[in-house]
Amino acid sequence: MFSDTIAAISTAVGEGGIAIIRVSGPDAVQEVERIFNSKNKLTQVASHTVHYGHIVDPETRENLEEVLVTVMRAPRSFTTEDVVEISAHGGVISVKRVMDLLLQLNIRLAEPGEFTKRAFLNGRIDLSQAEGVIDLIRSKSDRAFSVALKQVEGSLSRKINELRHILVETLAHIEVNIDYPEHDVESLTSAFIREKSKLVMDEIDKLLKTAQEGKILREGITTAIVGRPNVGKSSLLNTLAQDNRAIVTDIPGTTRDVIEEFVTINNIPLKLLDTAGIRETMDVVEQIGVERSKHAVSEADLILLVLNASEPLHQDELELMEQIRGRQCIVIMNKMDLPSQLDLDILHRYYPDELIVPMSVKAEEGIDRLEEAISNLFFSGQIEGGDLTYVSNVRHIALLKKSKQSLQDAYDAAEQFIPIDMIQIDVRLAWEQLSEILGEAVGDSLIDQIFSQFCLGK
Ligand code: GDP
Ligand code: ZN
């Protein structure tokens, strides 16, 4: 438990209807009480109640701000500590006045993520749940949000705990055998170890399979729009961005070279790469030139190849199709409002019908089909089920892979009748690696690194 009390503005800074300042720690209630003028004394009110009043300067007794104050007593709060939330009028001045007063009391400014860090260190949530909170804040689509919310609620933790439970049972079984070697159950134990390791490895595999989808939900599908000049790439990009623009993000450190445009289609976030200098025209390819477009293509998870249907296929286009063979690609036959000149037979040599989308960006026709093709390509319907747990965090993925490898080692060793106590080491290792996902036995520096990704006030 922490002995100091922290405070931060928990809503986005700037003008808004209201702003919330959160205070957490052993002195939260009594300290806020010193600057709060209301009918009720905060130190006497029931937990989880809201109180109207004024923030007053403790020296001059001047009313500084009209507020609502919510009291949540330990341990029934986000941090498990006493928490006071002050809802003030939105706006920079109002919030600053209240914060300045609070920081003159026995309260210090919270570090970014410190509330969530306390929730973790006080045992209210595990590390994977805390990491889910970051994802929640950063999610750019409804679906990414739902997945992150599940993680915060502990869906991944539950799954990992099930697997750890199986491994603990296995370890117990091994322990018994080591203690009673005269029982001649060596081969039985070996079979047991193989069965259980296989079971857990299969479950880890299922989780790892969700990683690709999880990554997409989190980071978006990196999408390159390619094609010859004048086929309608810019027009397509503009249309997609207008209908679906979600958020424009500048990634620190790379702002000069690459700006990422996020667009959400059927709840699937697409990350359209946009290079410096071509932002005004929003054109991914024509100004990059052939060489650089090859690079954009090599990085992309999805390629949208735009063709002009009113012209025959060009040699460049055939070469491009050859070059991107085997990649995830959707062919857009644009300008279908004009008489078609495209040779479909050639196209079909490269792409099945469902990946060829006739379109007229100008007449706004075919956009639905494009959106459908993208959904089908990436989620083939299975994601809709909803109760899948997704793994998308690189730290979790790395630990799952390590744990699986340890189990594979245990499995192989058991098969070769290597002494049981040797196998025990691998099973224990697998268990520890799973536990690390939940934040058990992880070092301070890792914890600091994870929580430093949070914004202030969370
Ligand atoms: P880019 O060079 O590939 O980026 O192509 P643009 O988006 O700049 O479009 C080139 C020209 O084609 C513009 O004059 C557009 O108005 C026109 N264009 C784009 N889409 C269509 C379409 O579906 N039908 C027709 N007829 N013209 C289009
Ligand atoms: Zn263009």
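By the naming in an unreviewed UniProt entry, the protein goes by tRNA modification GTPase MnmE and is assigned to Paenibacillus solani. The Subunit (unreviewed entry) field of the UniProt record for the protein holds the comment "Homodimer. Heterotetramer of two MnmE and two MnmG subunits." Its UniProt record, at the heading Sequence similarities (unreviewed entry), says of the protein: "Belongs to the TRAFAC class TrmE-Era-EngA-EngB-Septin-like GTPase superfamily. TrmE GTPase family."

Student: Please explain the overall build of the protein as it appears in this structure.
Tutor: When its secondary structure is counted, the protein shows 15 helices and 14 strands. Taking all 458 residues of the protein together, the buried fraction comes to 50%. Sequence separation of 24 or more characterises 68% of the internal contacts of the protein that already satisfy a separation of 6 or more. For the protein, the exposed surface amounts to about 22,500 Å²; the carbon and sulfur share of it is 50%.

Student: For this particular structure, what's the right way to read the site of ligand 1?
Tutor: Around ligand 1, 17 residues are found, and the nearest of them are Asn230, Lys233, Ser234, Ser235 and Asp337. A distance of 2.5 Å separates an oxygen atom of ligand 1 from a polar atom in the side chain of Ser235. Val361 places a polar main-chain atom, nitrogen or oxygen, 3.0 Å from an oxygen atom of ligand 1. Against a free-state accessible area of 570 Å², the protein chains account for coverage of 77% of ligand 1. Sort the elements by how many residues they give to the shell around ligand 1 and helix H8 (residues 233–244) lands first, with 3 residues. The class makeup of the residues in the shell around ligand 1 is 4 nonpolar, 6 polar and 7 charged.

Student: Help me out: how do you make sense of the sheet that holds strand E6 (residues 83–89) in this one?
Tutor: Each strand in a sheet pairs with another by means of backbone hydrogen bonds, the pair being arranged parallel or else antiparallel. The 7 strands are arranged E3-E4-E5-E6-E2-E1-E7 in an open sheet whose pairing can be described as mixed. Strand pairing shows two members of the sheet lacking a second neighbour, strand E3 (36–38) and strand E7 (108–109), which therefore form its edges. Sheet topology places E3 next to strand E4 (residues 49–56); 3 bridges connect them, and they run antiparallel. Bridging from a neighbouring strand, Asn37 pairs with His54 of E4.

Student: Explain the pattern of salt bridges to me, please; I cannot follow it from the model alone.
Tutor: Once their charged atoms are close, side chains differing in charge can pair, the charge on each being opposite to the other. Considering all chains together, one arrives at 20 salt bridges under this definition. For Glu114, the salt bridge is made with Arg118, and the minimal N-O distance between the two is 4.0 Å. Of this pair, Glu114 and Arg118 are both found in helix H3 (residues 114–121), 4 residues apart, which corresponds to roughly one turn of the helix. For the pair formed by Glu114 and Arg118, the shared burial category is buried. Residue Glu131 is joined to Arg395 by a salt bridge in which the shortest nitrogen-to-oxygen separation is 2.9 Å. You can see Glu131 sitting in helix H4 (residues 127–138) and its partner Arg395 sitting in helix H13 (residues 394–415), a full 264 residues away along the chain.

Student: I would appreciate a short explanation of a nonpolar patch on the surface in the present structure.
Tutor: The grouping of Val50, Tyr52 and Leu68 at the surface amounts to a nonpolar patch, some 290 Å² of accessible area in total. With respect to the helices and strands, the residue Val50 is situated in strand E4.

Student: Help me understand the UniProt feature "binding site: (6S)-5-formyl-5,6,7,8-tetrahydrofolate" (unreviewed entry) in the protein, please; the structure alone is not making it clear to me.
Tutor: Per the UniProt entry, the sites bearing "binding site: (6S)-5-formyl-5,6,7,8-tetrahydrofolate" (unreviewed entry) are Arg22, Glu85, Arg124 and Lys458 in this numbering. Summarising the element assignment, Arg22 is placed in strand E2 (residues 18–24). What makes Arg22 buried here is its relative accessible area of 12%. Sequence-distant contacts of Arg22, that is, excluding residues within four places in its chain, are made with Ile6, Ala7, Ala8, Ser10, Phe78, Val83, Val84, Glu85, Phe115, Gly457 and Lys458. The topology assignment puts Lys458 in the segment after helix H15 (444–451).

Student: What should I look at first to understand the pairing of E6 in this one?
Tutor: Moving residue by residue along a regular strand, the side chains alternate between the two faces of the sheet. For E6, a buried count of 5 out of 7 residues is recorded, marking the element as mostly surrounded by other parts of the structure. The pairing of E2 with E6 spans 7 bridges and is antiparallel. Bridge pairing in E6 links Ser24 to Val83. Note that strand E5 (residues 63–72) and E6 share 5 bridges and pair antiparallel. Of the residues in E6, the one forming a bridge with Val69 is Ile86.

Thresholds applied
Residues numbered from 1 in each chain as written. Chains lettered and ligands numbered in written order. Predicted model: local features only at pLDDT ≥ 70, side-chain atom pairs only at ≥ 80, totals over all residues. Heavy atoms only, no water. UniProt positions renumbered as here; feature names shortened; annotations may be inferred. Helix = DSSP H or I, 4+ residues; strand = E, 2+ residues; numbered from the N terminus. Buried < 20%, exposed > 50% of the residue type's maximum accessible area, 1.4 Å probe, protein only. Contact = heavy atoms within 4.5 Å. Areas by Shrake-Rupley, 256 points an atom, 1.4 Å probe, with all protein chains shown as cover. Near = heavy atom within 4 Å. Polar contact = N/O pair within 3.5 Å; in protein donor to acceptor, adjacent residues only side chain to side chain. Nonpolar A, V, L, I, M, F, W, Y, C, P; charged D, E, K, R; others polar. Pairing = 2+ DSSP bridges. Salt bridge = Lys/Arg side-chain N within 4 Å of Asp/Glu carboxyl O. Patch = residues over 30% accessible without salt bridge, like charges linked within 9 Å, V, L, I, M, F, W, Y side chains within 5 Å.

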